[in-house]
Amino acid sequence: MKQTVPQLMAATEPLVMVTAYDYPGAMHAQQAGVDLLLVGDSLGNVVLGYDSTAPVTLDDIIHHARAARRGAPETFLVADMPFGTYHTGVTDAMRHAVRVIQQTGADAVKMEGSSPEVLEATRTLTRNGVPVMGHVGLLPQTATAQGGMKVQGRDEAGARQVLEAALSVQEAGAFAVVLEVIPARLARVITERLHIPTIGIGAGPHCRGQVLVTHDLLGVYEGQHKKIAKRYAEIGAQSVQAIRDYAAEVRGGTFPSRENSFVIRDDVLDKLY
Ligand SMILES: Nc1nc(=O)c2c([nH]1)NC[C@@H]1CN(c3ccc(C(=O)N[C@@H](CCC(=O)O)C(=O)O)cc3)CN21
Ligand SMILES: CC(C)C(=O)C(=O)O
Ligand SMILES: [Mg+2]
């Protein structure tokens, strides 16, 4: 049974979240029993081969979220709102979020940051029945403006900024918030100060949940940040080996074999001569 927003908010066990971008990936994650799926705009990096998340469009997210939803109909599914789709006013943000929800069957959307525009969009969406997950700390969509892909909240001013960002996102109505790449003890303070669940990535063990990019943990994506993304498998290497084995069998004439082939009766075949 799919979990609801109140159930997720009241969870006493750690929440487990992974990214999913397609039918088989979502199906595997649902079979593994994760609590939440994220159709992340990390799609841009790990599936589409861009070097940032900025080129990912609303149509990209919708296309992949539809596939992920078909693979995991019983798992709470969050879709990232892409860069630029929630910054031009609450009307646009609402319209774009409604497209995501209606066209994909996603249960919630996620937006990065705590600017007045993002907070206003969060208020409008939540007030109108679209659950919103916040995202503070490192913000990949605007990392250039933050000084690159760097740990956030290390000095007093920075730490205070991340704490204030998390509090404001909660106040605007978010049901949970991602804390990305911040010191573990700052994440602990934020987790203690909030009543909504914190979901960490590179934010230490004290959050109420954890999220990882599936392609990182499976060893499919080579550009992963080794410090935060533990590899639980080497699927990339296994894929290369499997395709190499297939190629060798084709070239060596051992695939397809008799078992992989269909038969026809002799008398039918004889009529062709
Ligand atoms: N595939 C993928 N997985 C991720 O987890 C991920 C992305 N992409 N892209 C965007 C963000 C950026 N992430 C990270 C993760 C760790 C550091 C980090 O350790 N920063 C160090 C410097 C490390 C270095 O320069 O090598 C720091 O001290 O700021 C930065 C960004 C994680 N995120
Ligand atoms: C890493 C998570 C939090 C994300 O936003 C993404 O995958 O796009
Ligand atoms: Mg994202």
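Residues numbered from 1 in each chain as written. Chains lettered and ligands numbered in written order. Predicted model: local features only at pLDDT ≥ 70, side-chain atom pairs only at ≥ 80, totals over all residues. Heavy atoms only, no water.

As recorded by an unreviewed UniProt entry, the chain carries the name 3-methyl-2-oxobutanoate hydroxymethyltransferase and is attributed to Deinococcus sonorensis KR-87. The record held by UniProt for the chain lists under Subcellular location (unreviewed entry) the comment "Cytoplasm". Quoted verbatim from the Subunit (unreviewed entry) field of UniProt, the annotation for the chain is "Homodecamer; pentamer of dimers." (UniProt positions renumbered as here; feature names shortened; annotations may be inferred.)

### Some remarks on the coordination of the magnesium ion (ligand 3)
The magnesium ion (ligand 3) binds to the protein through D41 (OD) and D80 (OD), with metal-donor distances spanning 2.1 to 2.2 Å. Of this pair, D41 sits in the loop between β2 (36-39) and α3 (43-46) while D80 sits in strand β3 (residues 76-80), and the two are 39 residues apart along the sequence. Judged by relative accessible area, D80 falls into the buried class, the value being 3%. (Donors = N, O, S within 2.8 Å, 3.2 Å for Na, K, Ca; no water. Helix = DSSP H or I, 4+ residues; strand = E, 2+ residues; numbered from the N terminus. Buried < 20%, exposed > 50% of the residue type's maximum accessible area, 1.4 Å probe, protein only.)

### Observations regarding the UniProt feature "binding site: Mg(2+)" (unreviewed entry) in the chain
Under the UniProt annotation, the feature "binding site: Mg(2+)" (unreviewed entry) is placed at D41, D80 and E112. Despite a sequence span of 72 residues, these residues sit close together in the fold, their greatest C-alpha distance being 10.9 Å. The contacts of D80, once residues within four sequence positions are left out, are L38, V39, G40, D41, I61 and K110. One can find E112 in the loop between β4 (108-110) and α6 (116-127). Apart from residues no more than four positions distant in its own chain, E112 is found in contact with D41, Y86, V118, H135, L139, P140, Q141 and T142. (Contact = heavy atoms within 4.5 Å.)

### Some points on the sheet that holds strand β8 (residues 209-212)
Strand order in this closed barrel of 8 strands is β1-β2-β3-β4-β5-β6-β7-β8, and the pairing throughout is parallel. Going from strand to strand, the sheet's axes swing by 25° on average, the running direction of each strand aside. Along the sheet face, helix α7 (residues 156-171) touches β5 (132-137) and β6 (176-180) and points at about 170° away from the line of β5. (Pairing = 2+ DSSP bridges. Axes fitted to C-alpha atoms, helices over the stretch in contact; angles between N-to-C directions.)

### Observations concerning the site of ligand 2
Neighbouring ligand 2 are T19, L38, G40, D41, S42, D80, K110, H135, V178 and I201. One of the side-chain N or O atoms of S42 is found 2.6 Å from an oxygen atom in ligand 2. Measuring from an oxygen atom of ligand 2, one finds a side-chain N or O atom of D80 at 2.9 Å. Burial of ligand 2 by the protein amounts to 95% of the accessible area it has alone, namely 260 Å². Split by residue class, the shell around ligand 2 holds 3 nonpolar, 4 polar and 3 charged. (Near = heavy atom within 4 Å. Polar contact = N/O pair within 3.5 Å; in protein donor to acceptor, adjacent residues only side chain to side chain. Areas by Shrake-Rupley, 256 points an atom, 1.4 Å probe, with all protein chains shown as cover. Nonpolar A, V, L, I, M, F, W, Y, C, P; charged D, E, K, R; others polar.)

### What about the pattern of salt bridges?
Throughout the structure, instances matching the rule amount to 11 salt bridges. Between E171 and R123 there is a salt bridge; the shortest N-O distance is 3.2 Å. Taken together, the residues span a long stretch of sequence, with E171 in helix α7 and R123 in helix α6 at a distance of 48 residues. Residue class for E171 comes out exposed when judged on its relative accessible area of 58%. In this structure, E156 and R160 form a salt bridge, with 2.7 Å as the shortest nitrogen-oxygen distance. Of the two residues, E156 and R160 both sit in helix α7, 4 residues apart, roughly one turn of that helix. Judged by relative accessible area, which is 59%, E156 ranks as exposed. (Salt bridge = Lys/Arg side-chain N within 4 Å of Asp/Glu carboxyl O.)

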